[in-house]
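For reference, the chains in residue letters:
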Amino acid sequence: MNPGSNPISTLVWTFAVMSLFAVGGGNSAIPEMHRVAVDVRHWMTDKQFADIYAISQLSPGPNVLIVTLIGYSVAGLAGGLAATLAMCGPTAVLAYFVSRLLTRMRHSRWPGIIQAALVPLSIGLMAASACVLAVSSDRSLAAGLVTAGAAVLASATRLNPLWLLLAGGVLGFAGVVG
Amino acid sequence: MGEPAELGWPRRVGRSKSQPMPPDSLPAAASAPNLPTSPPPGLIALFVAFAKMSLSGFGGVLAFARRAIVEQHHWMSAEEFNETFALCHFLPGPNIVNLSVVFGSRFRGIAGGLAAFTGLIGPPVVIVTILAALYAHFGEVEALRRILAGVACAAVGLLMAVVLRMMMPLLKKRDYIGLALMAAVFAAIGLLRLPLPAVLLVAIPISIAISFAIRRRAQRQAKP
């Protein structure tokens, strides 16, 4: 795909390939989304990327819908739809066929081996997501403290994450984050 | 705040000596749709159920999916749900989206998979698109910028908590090889910012080879 081509086909190609490498779920692909959208294609700024991550977390539905926001910012309504279907379609088809296949290889030990092999990789990817987003969002000491506070509260309590997001929004509005 | 953060996940997918996904229990979940206590759902029921759980799922839909499928509708036992989710977790892509397709197609074939998929994705995409349009118009308003900056900080903290929770099984088992693989992927993607496909095309074969070798050695030790 050359960068000069139609933005919709660039979106489709980008996210279709990315989805197949999103080991462990949508959040594992955050660093790659950031790399493509901010560094490679210059679709948005670092701050805008942090903003749309925040919006995606505030909205209901699967976390992966951050791609709808990226697609929309690139090519409007059609871009949002194209990005969403590209990110969800290929792996959905794959899941359909693999789930049928697995019923036939019931005595194979490969599913267990592959799964065990992917666990540490997916944790590494999620940690990288947190790192990339922290670099985008935590631009002051106070911002870092809000992040640390949310991490501690989320680990230590069973508080609904939405409350922590809203608390962050209130602190941001009050000008704490800077 | 990925879906795996929610209940029951770490128990199932550790690099443990016992099979994380026992092969002989998979078919029970895969080929026995008539086992659950309720009659299998129709297409509209699938669409509505997944739309509901998706719209109530702030910060991950998994917990809501489990509640709806297992407790509310009794379409699957808790055990079957865990097995189905384990399968969807080891496939690439958004887990809950994979789950909707696998679940829907198990009961109503391809049409069922599509019904669950569109129920899960459709309504929230409408909401997110409206938010995207609002952001495109008002993203530069100072108050909104400050609010979103604050939300982003908290969201990063939540993600860190998820990562910590996922790491605990590796730390508890002192799985140094797993931790080293995790650190290598973290450094390559998070610090060096290398492209994801390139990193995984190297890391996945290495990790599978290691995982295979460990399991073989464990089996040899088990039966000398």
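Residues numbered from 1 in each chain as written. Chains lettered and ligands numbered in written order. Predicted model: local features only at pLDDT ≥ 70, side-chain atom pairs only at ≥ 80, totals over all residues. Heavy atoms only, no water.

Side note on the nonpolar core
Core analysis: the biggest nonpolar cluster contains 109 residues, and Phe15, Met33 and Phe49 of chain A together with Ile69 of chain B have the highest contact counts within it. The element that contributes the greatest number of residues to this core is helix α6 (residues 95-138) of chain B, accounting for 16 residues. For Ile69 of chain B, the residues in contact, after removing those within four places along its chain, are Phe50, Met53, His74, Trp75, Met76, Phe81 and Phe103 of chain B. Within the second largest apolar cluster, five residues are counted, among which are Ala143, Val146 and Val177 of chain A together with Cys153 of chain B. (Core = buried A, V, L, I, M, F, W, Y, C linked by side-chain atoms within 4.5 Å. Buried < 20%, exposed > 50% of the residue type's maximum accessible area, 1.4 Å probe, protein only. Helix = DSSP H or I, 4+ residues; strand = E, 2+ residues; numbered from the N terminus. Contact = heavy atoms within 4.5 Å.)

Overview of the confidence of the model for chain B
Residue and element names in this part refer to chain B. Scored by pLDDT, chain B comes out at a mean of 81, with 82% of its residues at no less than 70. Looking over chain B, one finds the lowest element-wise mean pLDDT in helix α1 (residues 9-12), namely 34, and the highest in helix α8 (residues 176-191), namely 95. In this model residues 1-34 is a low-confidence stretch, pLDDT under 50, and it forms 98 contacts with partners more than four residues away in sequence or in other chains. (pLDDT = per-residue confidence, 0-100.)

Quick look at the interface of chain B and chain A
At the junction of the two partners, chain B supplies 100 residues and chain A supplies 97 residues. For the pair chain B and chain A, the summed buried surface comes to about 8,800 Å²; carbon and sulfur atoms form 76% of the total. Of all residues in chain B, Phe58, Phe90 and Arg193 of chain B give up the largest surface area on contact with chain A, accounting jointly for 8% of the area buried on that side. Applying the counting criterion to the chain B and chain A interface returns one salt bridge. Residue Arg193 of chain B pairs with Asp39 of chain A through a salt bridge whose shortest N-O separation is 3.9 Å. For the side of chain B that touches chain A, the secondary structure elements donating two or more residues are α2 (26-31), α3 (43-56), α5 (78-90), α6, α7 (142-172), α8 and α9 (196-222) of chain B. The element that contributes the greatest number of residues to the side of chain B that touches chain A is α7 of chain B, accounting for 25 residues. Across the side of chain B that touches chain A, the residue classes tally to 72 nonpolar, 20 polar and eight charged. (Buried area = accessible area lost by both parts, 1.4 Å probe. Salt bridge = Lys/Arg side-chain N within 4 Å of Asp/Glu carboxyl O. Nonpolar A, V, L, I, M, F, W, Y, C, P; charged D, E, K, R; others polar.)

Thoughts on unusual backbone geometry
All names here are of chain B. Positioned with a positive phi, His74 is a non-glycine residue whose angle comes to about 55°. Tracing the chain through its elements places His74 in the loop between α4 (62-72) and α5. In this structure, Arg193 is a non-glycine residue whose phi angle is positive, near 55°. Its location among the elements puts Arg193 in the loop between α8 and α9. Here Arg193 falls in the partly exposed class, since its relative accessible area comes to 22%.

Details of the pattern of salt bridges
All told, the structure shown has five salt bridges over all chains when counted by the stated rule. Taking the shortest distance from any N to any O, the salt bridge between Arg139 of chain A and Asp46 of chain A comes out at 2.6 Å. Note that Arg139 of chain A is positioned in the loop between α5 (110-137) and α6 (141-156) and Asp46 of chain A in helix α3 (residues 46-58), a separation of 93 residues in sequence. We note a salt bridge from Glu140 of chain B to Arg145 of chain B, for which the minimum N-O separation is 3.3 Å. Judged by relative accessible area, Arg145 of chain B falls into the partly exposed class, the value being 27%.

Some remarks on the state of the cysteines
According to the stated counting rule, one finds zero disulfides over all chains in the structure shown. This cysteine, Cys88 of chain A, is not joined by any disulfide, and Cys88 of chain B carries the nearest cysteine sulfur, 13 Å off. For Cys88 of chain A, a relative accessible area of 0% translates into the label buried. With no disulfide of its own, Cys153 of chain B has Cys131 of chain A as its nearest cysteine by sulfur position, at a separation of 15 Å. (Disulfide = S-S within 2.5 Å.)

What to know about the packing of α3 of chain A against α7 of chain B
At a minimum axis distance of 8 Å, the contact between α3 of chain A and α7 of chain B shows a crossing angle of 70°. When the axis of α3 of chain A is compared with that of α7 of chain B, the two are roughly perpendicular. Across the interface between the two elements, Lys47, Ala50, Asp51, Tyr53, Ala54, Ile55, Gln57 and Leu58 of chain A of α3 of chain A pack against Arg145, Leu148, Ala149, Val151, Ala152, Ala155 and Leu159 of chain B of α7 of chain B. (Axes fitted to C-alpha atoms, helices over the stretch in contact; angles between N-to-C directions. Parallel < 35°, antiparallel > 145°, perpendicular 65-115°, else oblique.)

Re the environment of Ile204 of chain B
Note that Ile204 of chain B resides in helix α9. The partly exposed category is assigned to Ile204 of chain B, whose relative accessible area is 23%. Sequence separation between Ile204 of chain B and Leu181 of chain B is 23 residues, and the spatial gap between their C-alpha atoms is 9.8 Å. In contact with Ile204 of chain B, other than residues within four places in its own chain, are Val23, Leu118 and Leu121 of chain A.

What about the side chain of Ser59 of chain A?
Within the secondary structure, Ser59 of chain A sits in the loop between α3 and α4 (66-104). Within polar-contact distance, the side chain of Ser59 of chain A engages the backbone oxygen of Ile55 of chain A at 2.8 Å. Polar side-chain contacts of Ser59 of chain A include one of 3.4 Å to the backbone oxygen of Ser56 of chain A. The residues touching Ser59 of chain A, leaving out its near neighbours within four places in the chain, are Gly57, Phe58, Val128 and Leu131 of chain B. (Polar contact = N/O pair within 3.5 Å; in protein donor to acceptor, adjacent residues only side chain to side chain.)

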